[in-house]
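# Structural features, examined
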Amino acid sequence: MSIRLGRRAFLAGVGGAVVGLPVLEAMLDANGEALAQTASPMPKRFVVCTAGCSLGSGSVPISETYVPSTVGANYDLKRALAPFASHDNIKNEISVVTGLKIPWAGENGGTVPSGGRPNNHHETMMSPMLAGVRTAPSEFQARVYGTTADQVMADMSASATQFKSLVYRVQVSSYISSDPNRGAVSYRLAPGGTLATRVDPVISPKQAYDTLFRSFRPTTDGDAELRDYRNAGRRSVVDLVRGNAQRLMQRLGRDDQQRLQSHLEEIYALERGIAALPPEQTAVCVQPPAYANDPPIGGERPSGDYTTNSGYSNEELRARLFCDLVHVALACDLTRSVSLMFTHFHSWMNFYPLIGVQSDLHEIGHGKGTTREMADAIAWHNKHFAYLVAKIRDTREGAQSMLENTVLVMHHEGGYGVDASEAPGSALNSSHSTENMAALIAGRAGGLRPGQHVRGNGRHPASVTLSAMRAAGHTGPLGEISATIPELFAPA
């Protein structure tokens, strides 16, 4: 090898185009496990994902559709977890934590407990789940009272990356008039404040791509190269940096050449995928030019059952593109903190194109679909989570997988059990419940031991998030939650 590079090296190109590099051997020490220039360990990344659905529907217990029968390693896959058998058995990298619970006022003498909520379900579970902070007693809106985990982690690496954090959402619209906060999971609390400010998610894959890779800064308005490039109709940012990429290739070792070539091909494929999408076709909303290649946005919820594109905007494709964008952004070290929301809380998204049920996601959990169909709706979210984890696992960083330095969490909106908004004991098998919740955690950073089923035994779902934060280097609490889940870590 004839060259040494710093971790923040990049490829510059025509018109100010910049493409970040993956971790190359030219950046690492002799063992391939630390950065050569600074002798510092590889950076840790944190990803939190959310799904706007509970775990059950009807009277069939979730032990038949979600909760593994086996505790520990080699857990069995129920219908909702079936996607974890894909990608060369990615379940070996994903731990499932079940039996979690957000406490509520009704079981605490009417007082909202620490990390808890009032009795109302949809609007009041967000703050304790995302930020570990209790919701105000009289609250009936989707409000958050603390800084969410992704923003806590973003503050740890804010000066080290181009983007402090990335906040994305797959479901384009609520598809029905509702609280816009239900479509956001990232919040920041100002010093001395009591109500956090929403960080609005990016919902356009095209906009997200352009932000990451197309921030051109021509030195003059008459930049001849950039003008010639655009006139020739070449749209790939890879083409803009190809000259410098080829020169760098000549100075790299064979393995690094292959890594860099694969990295550029992934970016090129992602860009082509976005460019191939049809333009927006909607009479309600006309997207600006930067969004022109996103999938069309479907209309709002119709009066009857969902059977058409109403309430659906090809979220299947959008989910795949956002997972690809998250992977590339982490691989390029453009950010180390990501929030990826798949579906709104209290989601009205049409699931007919995805699982063949003529209903939105919310109503599937209230009798519009069978118990198995509810499991299929959960499995759709888990399929994309598994895909993202597998992409990170299969990316090499020197002697390691990228998953050795990454941790990912997936939360579901609710669980299955007592509906606290009803009289005690009157609704025992409800999806309006924060009993029997579950969370997923993947990665090997910070001593995590992946691929196991852990029983939460009533512990708080934010404890799973805090365990992930610990693995990525955070030492404090998450809001009012200070307990982690020790079983998720390998014995010292």
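As the structure is a prediction and not an experimental result, all values here were calculated from the model.

## Side note on the overall build of the protein chain
- In terms of regular secondary structure, the protein chain is built from twelve helices and 14 strands.
- Expressed as a percentage of the 492 residues in the protein chain, the buried residues total 58%.
- The long-range share in the protein chain, meaning contacts at least 24 apart out of those at least 6 apart in sequence, stands at 67%.

## A few points about the packing of helix H4 (residues 205-213) against helix H8 (residues 315-331)
- At a minimum axis distance of 10 Å, the contact between H4 and H8 shows a crossing angle of 15°. Classified by the angle between their axes, H4 and H8 sit roughly parallel to one another. Crossing angle aside, the handedness with which H4 passes H8 is left-handed. Seen from H4, the contacting residues are Pro205, Ala208, Tyr209, Leu212 and Phe213; seen from H8, they are Arg318, Leu321, Phe322, Leu325, Val328 and Ala329.
- Broken down by class, the residue content of the contact of H4 with H8 amounts to ten nonpolar, no polar and one charged.

## Details of the packing of aromatic side chains
- Per the stated rule, a full pass over the model turns up two aromatic pairs.
- Plain terms: the ring middles of Phe351 and Trp380 are 5.6 Å apart, the flat faces sit at 80° to each other, and that makes the pair edge-to-face. A residue pair is termed long-range when its members are at least 10 positions apart, and Phe351 in the loop between strand E9 (337-341) and helix H9 (352-355) and Trp380 in helix H11 (residues 371-393) qualify at 29 residues.
- When its relative accessible area of 4% is taken as the criterion, Trp380 is described as buried.
- Above the face of the Tyr75 ring, Lys91 is positioned so that its terminal group lies 5.1 Å from the ring centre.
- Here the basic side chain of Lys101 rests over the ring of Trp104, its NZ or CZ set 5.2 Å away from the ring centre.

## Looking at the pairing of strand E13 (residues 437-443)
- Among the seven residues that make up E13, seven are buried, leaving the element largely enclosed by the rest of the structure.
- Pairing of strand E5 (residues 94-100) with E13 involves five bridges; the strand directions are antiparallel. Bridge pairing links Val97 to Ala439 in E13.

## A closer look at the pairing of E5
- A large share of E5 lies buried, amounting to six of its seven residues.
- Strand direction decides the pairing type here: E5 and strand E14 (residues 452-455), joined by three bridges, are parallel. Pairing of Val96 across the sheet is with His453, part of E14.

## Observations regarding the confidence of the model for the protein chain
- Per-residue pLDDT for the protein chain has a mean of 82; in total, 79% of the residues score no lower than 70.
- A low-confidence stretch, residues 216-222 (pLDDT under 50), is modelled with twelve contacts involving residues beyond four sequence positions or located in other chains.

## Some remarks on H11
- Its 23 residues place the ends of H11 32 Å apart at the C-alpha level, agreeing with the 33 Å of an ideal helix rising 1.5 Å per residue.
- Most of H11 is tucked away: 19 of the 23 residues are buried.

## Observations concerning the side chain of Thr335
- Along the polypeptide, Thr335 turns up in the loop between H8 and E9.
- The exposure class assigned to Thr335 is buried, which follows from its relative accessible area of 0%.
- Engagement of the side chain of Thr335 in a polar contact is seen with the backbone oxygen of Phe163, the distance being 2.9 Å.
- Here Ser337 takes part through its backbone oxygen, which lies 3.3 Å from a polar atom of the side chain of Thr335.
- Sequence-distant contacts of Thr335, defined by excluding residues within four places in its chain, comprise Thr161, Phe163, Lys164, Ser165, Leu166, Ala329 and Leu330.

## A few points about the state of the cysteines
- Evaluation of the coordinates by the stated rule reveals zero disulfides.
- Free of any disulfide, Cys323 has its nearest neighbouring cysteine sulfur in Cys49, separated by 6.9 Å.
- Cys323 gets classed as buried once you look at its relative accessible area, which sits at 0%.

## Quick notes on the side chain of Ser359
- Assignment of secondary structure puts Ser359 in the loop between H9 and helix H10 (361-368).
- Accessibility expressed as a relative area gives 3% for Ser359, which makes it buried.
- Not counting the four nearest positions on each side in its chain, Ser359 is found in contact with Tyr306, Met349, Asn350, Phe351, Tyr352, Ile364 and Lys368.

## Here we look at the pattern of salt bridges
- Evaluated as defined, the whole model comprises 16 salt bridges.
- One salt bridge in this structure joins Arg143 and Glu139, with 3.3 Å as the shortest N-O distance.
- The shortest N-O distance in the salt bridge between Asp333 and Arg336 comes to 2.8 Å. Each member of the pair, Asp333 together with Arg336, is buried.

## Here's the deal with unusual backbone geometry
- With a phi angle near 55°, Asn74 is a residue other than glycine that sits in the positive phi range.
- Secondary-structure assignment places Asn74 in the loop between strand E4 (72-73) and helix H1 (86-89).
- Of note in this structure, Asn314 is not a glycine but carries a positive phi near 55°.

## A short note on the sheet that holds strand E6 (residues 166-169)
- The strand order across the open sheet formed by eight strands is E4-E14-E5-E13-E12-E3-E9-E6, and the pairing between neighbours is mixed. Because the sheet does not close on itself, it has two edges, and the strands there are E4 and E6.
- In this sheet, E9 lies alongside strand E3 (residues 45-51) in parallel orientation, the contact comprising five bridges. The partner of Val48 across the bridge, within E9, is Ser339.

Each value, and the rule that gives it
Residues numbered from 1 in each chain as written. Predicted model: local features only at pLDDT ≥ 70, side-chain atom pairs only at ≥ 80, totals over all residues. Heavy atoms only, no water. Helix = DSSP H or I, 4+ residues; strand = E, 2+ residues; numbered from the N terminus. Buried < 20%, exposed > 50% of the residue type's maximum accessible area, 1.4 Å probe, protein only. Contact = heavy atoms within 4.5 Å. Axes fitted to C-alpha atoms, helices over the stretch in contact; angles between N-to-C directions. Parallel < 35°, antiparallel > 145°, perpendicular 65-115°, else oblique. Left-handed = near helix turned anticlockwise from the far one by under 90°. Nonpolar A, V, L, I, M, F, W, Y, C, P; charged D, E, K, R; others polar. Phe/Tyr/Trp six-rings, centres within 6.5 Å; stacked < 30°, edge-to-face > 60°. Lys NZ or Arg CZ within 6 Å of the ring centre and 35° of its normal. Pairing = 2+ DSSP bridges. pLDDT = per-residue confidence, 0-100. Expected span 1.5 Å × (residues − 1). Polar contact = N/O pair within 3.5 Å; in protein donor to acceptor, adjacent residues only side chain to side chain. Disulfide = S-S within 2.5 Å. Salt bridge = Lys/Arg side-chain N within 4 Å of Asp/Glu carboxyl O.

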